[in-house]
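Below, each chain spelled out in residue letters.
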Amino acid sequence: MSKKTAAQKEQGREKGMENALQLGKSIPGTILRLSGPAILEQFFICLASLVDTAMVGSIGAAATASVAINISSVWLINGCITALSVGFSFLVSHSVGEKDPVKTESAVRQSIAASVTLGALLTATVLAIHRVLPRILGAEPDVLPGAQAYMGIIGLGLTGQTLGVVLSAVLRSAGDTETPMAANLASNLLNVVGNFFLIYPTRQVVLPFRGGSSLASAGSSALLPATDPVLAVGSPVLAAGAPQITLWGAGLGIRGAAIATSLSQYALAAMLLYAICHVPTPAKIRLRGDYRFRRQTLRSLFHIGIPVLLERVTLCLGQIGLTAMISGLGTVPLAAHYLTSQTESLLYLPAYGFAYTGTTLIGQSLGARDRKLAARFARDICIISTVVILAACVPVYVFAGEIIRLFSSDVGVARLGIATIRIAAATEIFFSFFIVACGICRGAGDVKFPLAVSLIGMWGLRIGLVWLVTRVFRWGVAGVWIAIAVDCFVRSCLFLWRLANGKWMEAA
């Protein structure tokens with residue numbers, strides 16, 4: 001070993017940069033300490049997305065449609081970014097487990113270079129096709145200008161988005177889940193604030209602390225433009241002399257939403273770059289250094305990333321096909337399905353947090369050549385995540401009626417929605433186990449098995465069963481969710497078999 005290498009390793013030990021295997025006194029303690037911030041991070045991202053959707057929706061149906069028409073393209077882009085992040089999660093977690101700071105630093109530097117390269121390629125691609133893409137996807141004339149502008153501006157933010165996603169994964173793989181959580185929370189808040197000032201025009205805002213009882217009725221709408229008939233100057237609500245201020249707004253509409261999103265992505269990337277260089281973790285680097293790609297790194301990225309990308313494309317195309325079939329059932333069933341999907345997305349948020357934790361702990365354990373520890377982490381992550389997810393599903397099942405009425409007052413939607421939400425809550429554990437098991441397998445570099453299971457599940461089961469229950473048995477949207485449950489049950493059984501026989505560790 002060279003003197004330089006030995007000195008760098010000793011420096012890493014002196015800084016006390018513990019890896020994830022040293023965070024807790026027990027295996028469950030380590031799992032919970034890592035997964036808690038990761039779950040909160042996913043919750044904040046989901047919450048910001050819902051707020052973003054609501055703010056865009058407040059400016060009209062055409063604005064919402066401008067985003068919706070591009071959603072399948074956004075899914076494909078996110079698939080490319082996710083594939084890169086999974087590849088570097090594997091590389092960084094294993095090098096940290098090996099306690100080789102030189103190898104870790106090289107992997108982190110290459111993750112930055114790869115993120116900038118992929119982000120630039122995605123930006124160039126989107127800018128080349130953003131004007132024709134909405135036409136191909138069937139955008140209506142009133143939606144087309146907004147859809148083109150939205151996709152073009154989002155494309156400009158893809159380098160920042162790629163850096164943010166990959167560096168979040170790198171820090172989590174090094175055992176730091178708190179920094180990505182804090183950075184994502186801050187960037188999401190910036191996105192919401194940016195929406196507030198960039199989407200809406202300059203307007204009169206009612207201050208909710210004077211004006212008597214008449215002002216109280218306006219409190220919930222105090223931040224809407226004064227052009228709203230309820231808050232227009234001279235309206236009865238403001239007759240009691242409620243104080244107002246003029247709040248500046250750019251009035252950019254859907255373009256403002258896209259600008260806010262892109263700027264928040266670059267803010268996230270900047271915060272995480274700062275953290276990589278200053279927060280004492282095994283992934284800490286100095287900004288100046290060698291960012292050249294290594295052949296072995298590229299080989300590992302292709303080995304890990306391509307199956308993950310194909311898996312994401314499979315899921316994306318499958319969701320598009322499902323939506324097309326469900327749309328044929330009518331407006332009310334489609335609305336019930338959409339609201340159930342939104343509710344379900346909150347239920348499996350913990351699963352993604354545990355999946356990220358699984359990737360980190362399994363990768364570091366196998367990097368340290370400790371298969372017994374990896375097996376124990378895998379077992380306990382599955383047990384703990386099952387308990388947490390079941391605890392979340394029980395109240396959703398019990399209060400399904402109250403939940404669906406929060407989103408829709410339509411009697412038909414509520415009737416169908418109660419049934420589908422209960423089916424989703426009762427069977428959510430199967431899909432969540434699939435997500436967690438995927439994270440565990442990826443920590444070991446086992447990415448071909450999740451791809452095979454996704455292909456079997458989405459195209460061999462889900463699409464076929466949904467077609468059967470909707471076209472042959474006529475079970476409607478409730479039948480759709482039964483078909484989804486069967487698919488998830490089969491996937492979870494396949495992964496349970498994979499984890500039990502230990503073959504998932506052979507990929508490492």
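Residues numbered from 1 in each chain as written. Predicted model: local features only at pLDDT ≥ 70, side-chain atom pairs only at ≥ 80, totals over all residues. Heavy atoms only, no water.

So, about the overall build of the chain. Within the chain, the secondary structure is distributed over 19 helices and 2 strands. Classification of the 508 residues of the chain by burial places 53% in the buried group. Long-range pairs, those at least 24 residues apart, make up 83% of the contacts in the chain with a sequence separation of at least 6. Accessible surface computed for the chain: about 22,800 Å², of which carbon and sulfur atoms make up 66%. (Helix = DSSP H or I, 4+ residues; strand = E, 2+ residues; numbered from the N terminus. Buried < 20%, exposed > 50% of the residue type's maximum accessible area, 1.4 Å probe, protein only. Contact = heavy atoms within 4.5 Å. Areas by Shrake-Rupley, 256 points an atom, 1.4 Å probe, with all protein chains shown as cover.)

For side chains of opposite charge, pairing can occur when their charged atoms come near one another. Taken as a whole and assessed by the stated rule, the structure comprises 11 salt bridges. With a shortest N-O distance of 3.0 Å, arginine 292 and aspartate 290 are connected by a salt bridge. We note a salt bridge from arginine 294 to aspartate 290, for which the minimum N-O separation is 2.7 Å. Owing to a relative accessible area of 34%, arginine 294 belongs among the partly exposed residues under this scheme. The class for aspartate 290 is partly exposed, based on a relative accessible area of 29%. Through salt bridges with shared partners, one network takes in Glu98, Lys103 and Arg369. (Salt bridge = Lys/Arg side-chain N within 4 Å of Asp/Glu carboxyl O.)

Moving on, we come to the environment of leucine 322. Within the secondary structure, leucine 322 sits in helix H12 (residues 295-327). When residues no more than four places from it in sequence are discounted, the contact partners of leucine 322 are Arg462, Ile463 and Val466.

In this section: the nonpolar core. Across soluble globular proteins, you tend to see nonpolar side chains buried next to one another. Formed by 65 residues in total, the largest nonpolar core has its most connected members in Ile31, Ile362, Ile440, Phe495, Leu499 and Trp504. Each residue touching tryptophan 504, except ones within four places of it in the same chain, is listed here: Ile362, Ala374, Ala375, Ala378, Ile440, Cys441, Ala444, Asp446, Arg498 and Leu499. Formed by 38 residues, the second largest nonpolar core is a distinct cluster that contains Ala83, Leu122, Val126 and Leu158. (Core = buried A, V, L, I, M, F, W, Y, C linked by side-chain atoms within 4.5 Å.)

Bringing the environment of leucine 301 into the picture now. For leucine 301, the position within the fold is in helix H12. Relative accessible area serves as the criterion here: at 12%, leucine 301 is assigned to the buried category. Considering only alpha carbons, one finds leucine 301 and glycine 87, 214 residues apart in sequence, at a separation of 5.1 Å. Setting aside residues up to four positions removed in sequence, leucine 301 forms contacts with Leu84, Gly87, Phe88, Leu91 and Ile306.

Its identity as a non-glycine residue notwithstanding, lysine 99 has a phi of 60 degrees, on the positive side. As for its position among the elements, lysine 99 is in the loop between helix H4 (71-97) and helix H5 (101-129). Lysine 99 sits in the exposed class, given a relative accessible area of 55%. Here the phi dihedral of arginine 369 falls at roughly 60 degrees; this positive angle occurs in a residue that is not glycine. Relative to the helices and strands, arginine 369 resides in the loop between helix H14 (349-367) and helix H15 (371-398). When its relative accessible area of 64% is taken as the criterion, arginine 369 is described as exposed.

Counting all residues, the mean pLDDT for the chain is 85, and 88% of those residues have values of 70 or more. For residues 1-17, every residue scores under 50 in pLDDT, and the model assigns this stretch 15 contacts once sequence neighbours within four places are set aside. Note that residues 211-239 has pLDDT below 50 and, in this model, 42 contacts with residues that lie over four places away or in other chains. (pLDDT = per-residue confidence, 0-100.)

At a closest axis distance of 8 Å, the pairing of helix H8 (residues 158-173) and helix H9 (residues 178-198) adopts a crossing angle of 150 degrees. With respect to H9, the element H8 is oriented roughly antiparallel. Contact residues: H8 offers Ser168, Leu171 and Arg172, while H9 offers Thr179, Pro180 and Asn184. Residue classes in the contact of H8 with H9 are distributed as 2 nonpolar, 3 polar and 1 charged. (Axes fitted to C-alpha atoms, helices over the stretch in contact; angles between N-to-C directions. Parallel < 35°, antiparallel > 145°, perpendicular 65-115°, else oblique. Nonpolar A, V, L, I, M, F, W, Y, C, P; charged D, E, K, R; others polar.)

A few words on the packing of aromatic side chains. By the definition in use, this model includes 11 aromatic pairs. Arranged with centres 5.3 Å apart and planes meeting at 75 degrees, the rings of tyrosine 348 and phenylalanine 431 form a pair that is edge-to-face. Placement of tyrosine 348 in the loop between helix H13 (331-347) and H14 and of phenylalanine 431 in helix H17 (residues 411-443) is noted, with a sequence separation of 83 residues between them. When the centroid spacing of 5.5 Å and the interplanar angle of 65 degrees are considered together, the rings of phenylalanine 434 and phenylalanine 495 count as edge-to-face. Taken together, the residues span a long stretch of sequence, with phenylalanine 434 in helix H17 and phenylalanine 495 in helix H19 (residues 476-501) at a distance of 61 residues. By the ring-pair criterion, three or more aromatic residues cluster together here, those being Tyr348, Tyr352, Phe431, Phe434, Phe449, Phe495 and Trp497. Against the face of tyrosine 356 rests arginine 172, its NZ or CZ located 4.1 Å from the ring centre. The side chain of arginine 422 reaches across the aromatic face of tyrosine 397, ending 5.5 Å from its centre. (Phe/Tyr/Trp six-rings, centres within 6.5 Å; stacked < 30°, edge-to-face > 60°. Lys NZ or Arg CZ within 6 Å of the ring centre and 35° of its normal.)

Moving on to a nonpolar patch on the surface. Among the surface-exposed residues, Ile71, Trp75, Leu317, Ile320, Leu455 and Trp459 lie close enough to one another that they form a single nonpolar patch of about 540 Å² accessible area. When residues of the nonpolar patch are traced back to their parent elements, those giving at least two are H4, H12 and helix H18 (448-472). If you trace the backbone, tryptophan 75 turns up in helix H4. (Patch = residues over 30% accessible without salt bridge, like charges linked within 9 Å, V, L, I, M, F, W, Y side chains within 5 Å.)

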